Structures are given as C-alpha cells and as structure tokens.
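For reference, the chains in residue letters:
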Amino acid sequence: MDAVRTSPPRPAREVGTANRLTRRRDVADLVAETHGGQLRRTMGLTQLTLLSVGATLGTGIFVVLGQAVPEAGPAVVVSFVLAGITALFSALSYAELAGMIPGAGSSYSYTYATLGELVAWVCGWCLVLEYGVSVAAVAVGWGQYVNELLELTVGRALPESLSGPPGAGGVLNVPAAAIVVLAMVVLLRGARESAVVNTVMVAVKVAALLMFCAVAFTAFRAGNFRPLFPLGMAGVSAGAATLFFSYIGFDAASTAGEEAKNPQRDLPRAILLSLGLITALYCAVAVAAVGAMPWREFAGTEATLSEVLVRSVGGGTLWPILLSVGAVVATTSVVLAVQYGQTRILFSMARDGLVPSLFGRVHPRTGVPRANTVVVSAFVMVLAALVPLGALADATSIGTLFAFALVNCAVLILRRRSPEAPRGFRVPLAPVTCVLGVLCCGYVMWGLGSGTWIAFGLWMAAGFAIYALYGIRHSRLNRPDPREESAV
C-alpha cells in the first residue's frame, strides 16, 4: 500500500478513456478559483439584472414575433407563456447553481462539477451555439431595424445587396457586421464601462416597448383573437419553439459570477428578476400587437412592431420612428451583453484547458480577455454577415434548450452529492421542478424542424471532433494536482 501511495501520478495517457470522459471538477475547487481571480468584481444586483435583461430583450420580441404569429395565430400569447414556463424551470435551476458556483462558466461549470468532462464540453459547445450564434441573429435583426429607420426618416434604405445575406436577397449584411464590431470596441474597454452603456440602453428599450403597447392598444380589436387557436396546439408548440429564442440570455448574469460583488446573494436574484420583467413585457407586447393587427398579416414582416404601428395605428411616421430607434438601441444592448457572455464562457473553458489558452489571457490594465473578445467578435461578424435570421434563431434555440436541460439535471445531482453545500437559493419543489424543466425543454425542442436538428447534429459532431483532437489532451485534469496549477 505504501508503494502505491508514494508512486508518482500516472501520466494522463494511461488513464482509461471512460474515466477521462467522466472526470469532474470539485465544487470547492471551482468556488475557490473564483476568489482572487484575474477578472474584477465591479457589478452589483442592478447591473447583473440589467445585464440579463440587456442580453434577452431585443430581436426576439422586435423581429422573431413576426415569425411566430403565423405559426400559432392569436395563441402566440399562449406560446409566449409556454416558452416562459420552460425558461422559468431552468431559471430556478440556474439560480441555485449560480449561488453555489459563482464562476464565469455558467452551465458549463455546473455540468463539469456534476456530469463529467465530456458532458461539460457538450454543454460548453451548446453555449457557443447559444451565445455566439444568437449574437449573429440579433445583429441581423439590428440591420433590419436600421433599414426601417432609414426608410422612415430619409426615405431610402440600404441596397438589398448590402443589407441581407446570401440566400435572402443580398450579398453581405454590412449593418449586422458593423454592430458586432461596435460591441467589440465597447467590451474591450472593460466590464464596468460595458455595464454602464448597457444600463442606459436597457432603459431606452423598455421605454420603447411600453410606448408600443400604449399606442397599439388604441387600435385594439378583440375580434383579432377569434378563433384563439386556429392552428391547434401544434401551432402553439411550434410558436413556443420559435419564441424561445426571445428568452435566451436571462442566464447572462451567471457568466458574470467572477465580476459580481456579492455573487452568492445577487446572481440568483438577478436571474429571477430579469426573467419576471421580460415575461411581463413580452405578454403585454404580444397582446397589443395581435389586438392591433390581424394575425395573418404578420407573415413576411421583418421590423414587425414598427409595421404594426404603420398598418394599424396610423398617425404618420412619428411612432414608428420612435419605435425603430428603440429597437436599434434594444438590439445593440443584446449584442453587447450576449457577446460579453460568450467571451466569459470561453475564458472559463480555456482555464480548464479545453480550448486554447489564448481565450484565457486577461489584459492587465482593462481586466478584459482581449484576444478572446476579438476572436469571438470576428466569428460572430462573419455569421451575421452571411447567414439569414431564421436559421440562426432556430439553431440558437436548440443549443440553448439542450444546455438548460443539463442544468436541471445538475441541480438534482448536486442535491444528492453535496446536500450540505451552501446555497444562496434553493429550487422549490425539487426534484419535481427540475424534472419538469427537462421535460419542457424536450417538448419545445421537439417543435423545431428537421433541418434545425440536422444542423444541431452537425454542430455537435464538429464539437466532438474538436474535443477528441484538442480538449481531452489538454484538459487541466490531466495534471497531477489541478488545484496547484495557476490559471491558464
């Protein structure tokens, strides 16, 4: 026995493959890693809540609503509620885990501590799909509202060849690429500065949506809601799958765990507060929009809310101009907040050795992972310039739903494995709530089309290839004692 205890650790290549795929990060190690780290703690509850609102409230309601109404009819309001309930179950799980493990890795870190390295990689790869691809989708929506604003103010829009991607009538979506570059410039200045900019933009877009509701309700017609379910429950499910994109981003606060002043207390509160505010706004906007314009007229709309005002309310261009300004600001804040979240997840994965160390290098003056931010922005810029909105939105939703299902499972496992660990928040009625969260995610995923599933399968195949060729070989857990190693 003594010989076994004093022998040096086995090299990583001698460890069985199954053991390497299921090895886990220790929760205490993950928590300790967040103290005295390279990122700076500058965010309180207000900034964290507005970060989540900023990452969520944007293209989903301003643009994707026009895709969901033709799928669900007036029952799109029910679709919003279904998507919101699905998000709520996962939000509760996020709140518990964010209070336990307040790191930058969000659900990637939670699954690393519970389900093992391979599943953590899968979750992290899904988060790249959630954050990176959703930024591109939001940027496309931003370009649509910029064109709408130009049309309303100067009577001319950008040429179609420069405002749409290939396959959607254009050659290159220049506005979408431009907003990604602008967000990159702001992020490179630092987290505190980015939070201030985000706070101002959130206030503007909430005001714009409240203005829309007030104006649209002046043209409200109850008859637009009859029949309520013209496409049946299948339509409600399909609408919820499309609209789930509108809820993506409420978990952004969890990516700021290492930049929060009091993460155990504030992260759970920020996640739940932001989701409550967002759901209330979405339902109000959906009722106002369908009440003002018959649901069949939503087909083919892009700057949807602006078109509702133009077609149904009248009164000139003042209200559509104000709404378009709000939409441009709204989508700008989403690009900023979600792009921030993507860089922090890759920062955490780089610290664990699963992606190159380039993504984990922090600039000493700004406290920002500079190279990480530039690389992510370049990737998103290319997607935004070349891929249509609908494909991006559906791909984002399926990756997010898969990650959310894993988070619900992680809560159940940690409840059993570490029952005494301190928790700033506990999911009520667990395990029932967590199981319902998994089932709701699966139900909404089922409503996505076969093309989206094929794209998701190809994305995951690429992720497994990268993990096999790089991640499993460079994992921090290959080292004899990862707690003694410095951060990447």
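See the structure shown above.
Residues numbered from 1 in each chain as written. Predicted model: local features only at pLDDT ≥ 70, side-chain atom pairs only at ≥ 80, totals over all residues. Heavy atoms only, no water.

A. View of helix α19 (residues 450–474). Between its first and last C-alpha atoms α19 spans 35 Å; for 25 residues at 1.5 Å apiece the expected length is 36 Å, and the two agree. The largest bend in α19 amounts to roughly 50° and is located at Tyr-467. For α19, the complete set of buried residues consists of Thr-452, Phe-456, Trp-459, Met-460, Gly-463, Tyr-467, Gly-471 and Ile-472. (Helix = DSSP H or I, 4+ residues; strand = E, 2+ residues; numbered from the N terminus. Expected span 1.5 Å × (residues − 1). Bend = angle between axes of the 7 residues up to and from the residue. Buried < 20%, exposed > 50% of the residue type's maximum accessible area, 1.4 Å probe, protein only.)

B. Structural context of a nonpolar patch on the surface. A surface patch of nonpolar side chains, about 480 Å² in accessible area, is lined by Leu-162, Val-171, Leu-172, Val-174, Val-382 and Leu-386. Relative to the helices and strands, Val-174 is located in helix α10 (residues 174–187). (Patch = residues over 30% accessible without salt bridge, like charges linked within 9 Å, V, L, I, M, F, W, Y side chains within 5 Å. Areas by Shrake-Rupley, 256 points an atom, 1.4 Å probe, with all protein chains shown as cover. Salt bridge = Lys/Arg side-chain N within 4 Å of Asp/Glu carboxyl O.)

C. Fine view of the nonpolar core. By size, the foremost hydrophobic cluster in this structure holds 150 residues, and its most contacted members are Phe-62, Val-76, Phe-80, Phe-212 and Leu-305. The biggest single contributor to this core is helix α8 (residues 117–154), with 21 residues. Setting aside chain neighbours within four positions, we find Phe-80 in contact with Ile-61, Leu-65, Leu-243, Ser-246, Tyr-247, Tyr-282, Cys-283 and Ala-286. (Core = buried A, V, L, I, M, F, W, Y, C linked by side-chain atoms within 4.5 Å. Contact = heavy atoms within 4.5 Å.)

D. Just α8, in detail. For α8, with 38 residues, the first-to-last C-alpha span of 54 Å sits near the 56 Å given by 1.5 Å per residue. With 32 of 38 residues buried, α8 is to be regarded as a mostly interior element. A positive backbone phi angle near 80° is found at Gly-155, which sits one or two residues after α8.

E. Highlighting the side chain of Ser-107. Mapping Ser-107 onto the fold places it in helix α7 (residues 107–114). In terms of polar contacts, Ser-107 uses its side chain to reach the side chain of Tyr-94, at 3.1 Å. Here Ser-107 is in contact with Tyr-94, Cys-123, Leu-127, Ala-403 and Val-407, once residues within four sequence places are set aside. (Polar contact = N/O pair within 3.5 Å; in protein donor to acceptor, adjacent residues only side chain to side chain.)

F. Layout of the packing of aromatic side chains. Summed over all chains, the structure comprises 12 aromatic pairs. Ring geometry for Trp-125 versus Trp-459: centroids 4.6 Å apart, planes at 20°, classification stacked. Separated by 334 residues along the polypeptide, Trp-125 in helix α8 and Trp-459 in helix α19 bring together distant segments of the chain. An identical accessibility class is assigned to Trp-125 and Trp-459; each is buried. Among the aromatic residues, those joined into a cluster by ring pairs are Trp-121, Trp-125, Trp-459 and Tyr-467. (Phe/Tyr/Trp six-rings, centres within 6.5 Å; stacked < 30°, edge-to-face > 60°.)

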